[in-house]
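# Geometric and topological summary
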Amino acid sequence: MDSPPIVISRDEVKRVLRYIDLIPRLESALAIFSRKNSLEIIQPLRSVIPLSKYNGFLGLMPTYMEQEGILSTKMVCFYKREDGSTLPSTQATVLLFDPEYGNVKAIIDGEVITAMRTAAASAISAKWLMPAQAEVLAILGTGNEALSHYNVFTEIFTFKEVRVWSRTRERAEAFSRSVAGPVKVCVTVEEAVKDADAIVTVTRATQPILFGKWIKPGAHVAAVGACRPDWRELDDELMREAVVYVDSREGATTESGDVILSGATVFAELGEVLNETRPALREKTTVFKSLGLGIEDAVSAKLVLERWESTE
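Residues numbered from 1 in each chain as written. Predicted model: local features only at pLDDT ≥ 70, side-chain atom pairs only at ≥ 80, totals over all residues. Heavy atoms only, no water.

## Concerning the layout of surface pockets
A water-sized probe rolled over the atoms picks out the places where empty space is left. Of the volumes computed, that of the second largest pocket is approximately 280 Å³. Lining the second largest pocket are 19 residues, and of these Phe33, Gln43, Pro44, Ser248 and Glu250 lie nearest its centre. Broken down by class, the residue content of the lining of the second largest pocket amounts to 7 nonpolar, 5 polar and 7 charged. (1 Å grid on protein atoms, 1.4 Å probe; cavity = no way out; pocket = protein on both sides within 12 Å on 5 of 7 lines; lining within 4 Å. Points joined across faces, edges and corners; volume = space filled by probe spheres on them. Nonpolar A, V, L, I, M, F, W, Y, C, P; charged D, E, K, R; others polar.)

## A word on the pattern of salt bridges
Any two side chains of opposite charge can pair if their charged atoms end up close together. Summed over all chains, the structure comprises 20 salt bridges. A salt bridge links Lys216 to Asp197, with the shortest nitrogen-to-oxygen separation between them at 2.7 Å. Here Lys216 is found in the loop between β10 (198-201) and β11 (220-223), whereas its partner Asp197 is found in the loop between α6 (189-193) and β10, with 19 residues between them in sequence. Residue Asp197 is classed as buried on the basis of its relative accessible area, which comes to 6%. Asp258 serves as the salt-bridge partner of Arg232, at 3.3 Å between the closest nitrogen and oxygen. (Salt bridge = Lys/Arg side-chain N within 4 Å of Asp/Glu carboxyl O. Helix = DSSP H or I, 4+ residues; strand = E, 2+ residues; numbered from the N terminus. Buried < 20%, exposed > 50% of the residue type's maximum accessible area, 1.4 Å probe, protein only.)

## What to know about the side chain of Thr118
Counting through the fold element by element, Thr118 comes out in helix α3 (residues 110-129). When neighbours within four sequence positions are excluded, Thr118 is seen to be in contact with Ile113, Glu145, His149, Val224 and Ser290. (Contact = heavy atoms within 4.5 Å.)

## Some remarks on the sheet that holds strand β4 (residues 70-79)
If you walk across this open sheet you meet the 6 strands as β1-β6-β5-β4-β3-β2, and the pairing is mixed. Each edge of the open sheet is held by one strand with a lone partner, namely β1 (6-8) and β2 (47-51). Across the sheet, the mean angle separating the axes of adjacent strands is 15 degrees when strand polarity is ignored. Of the strand pairs in this sheet, strand β3 (residues 56-65) and β4 are connected by 10 bridges, and their pairing is antiparallel. Of the residues in β4, the one forming a bridge with Gly56 is Tyr79. Docked against the sheet, helix α11 (residues 294-311) engages β1, β3, β4, β5 (90-97) and β6 (104-109), running at close to 70 degrees with respect to β3. (Pairing = 2+ DSSP bridges. Axes fitted to C-alpha atoms, helices over the stretch in contact; angles between N-to-C directions.)

## Examining the sheet that holds strand β13 (residues 266-269)
Spatially, 8 strands are ordered β9-β8-β7-β10-β11-β14-β12-β13 in an open sheet, and the strand pairing comes out parallel. The strands lining the two open edges of the sheet, one partner per strand, are β9 (184-186) and β13. Taken pair by pair, the neighbouring strands of this sheet meet at an average axis angle of 20 degrees, ignoring direction. Bridging between strand β7 (residues 136-140) and strand β8 (residues 161-165) involves 5 bridges; their strand directions are parallel. Across the sheet, Ile139 pairs through a bridge with Val164, a residue of β8. Sheet contacts for α3: β11, β12 (243-246) and β14 (286-289); angle to β11, the most-contacted strand, approximately 165 degrees.

What is shown is where atoms sit, not what they do.
Encoded structure:
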């Protein structure tokens, strides 16, 4: 094809992408992924190239969904930043290809896609695993992922209290001012998670910050940070005593320090719960370890392109 690719900016992605449309697409995608049918999806494990000079990594996440006609790859740079750094911790771009001709159809800013699809996946895990009468949400972290998680969790669930913790009180207070509803700023992680029903960890931590002794029985933890095999957010006690769900078994046992270093057993993929081949043990303390999947980026990017074309 001779036509140049469409370029969709960050602001345009924010304008057209909505959780009400995204969540059903992701539920379907996660279910497809866990069926492990190569006629439905081909998605290799993320390839990672170290950027040693800058304490970062480049991840490549290709996906081909033949029946859906989706061929895509996300390229994402992510970094281990020092506290107080003003540099971004992630930067991402998603390419959509025409699978027949091989040309690039669209170049889409991946930052909003990454934040929203990650938060939506966490919300899907909470939908199935969070206590039925959840009242308290705790968010550990105050970056872009914290904001996207606040937005989707407060959009689809009702909480009596939302708490936030950051390594600096200034960032926690700034976060509380940036969102639409009331947020309690907490000084310590323990204060933030005490008696919380749902806990979201979206931090830059490389050592555990959340400890099992602080978690009330039956709580649900959506663990999003610590995406390298030697990085942690959760301690051994929490990982070993909770029922652990993941987006991908292969990904979790290869890339997640929380899983690898704790020796925790993965009980199920979230897609297996959606396929009803593994149970959702809502009455137990549960952890959903999210590393992100290329299929999530693929269906999100296709949705963005569809919505963008419909408004042009």
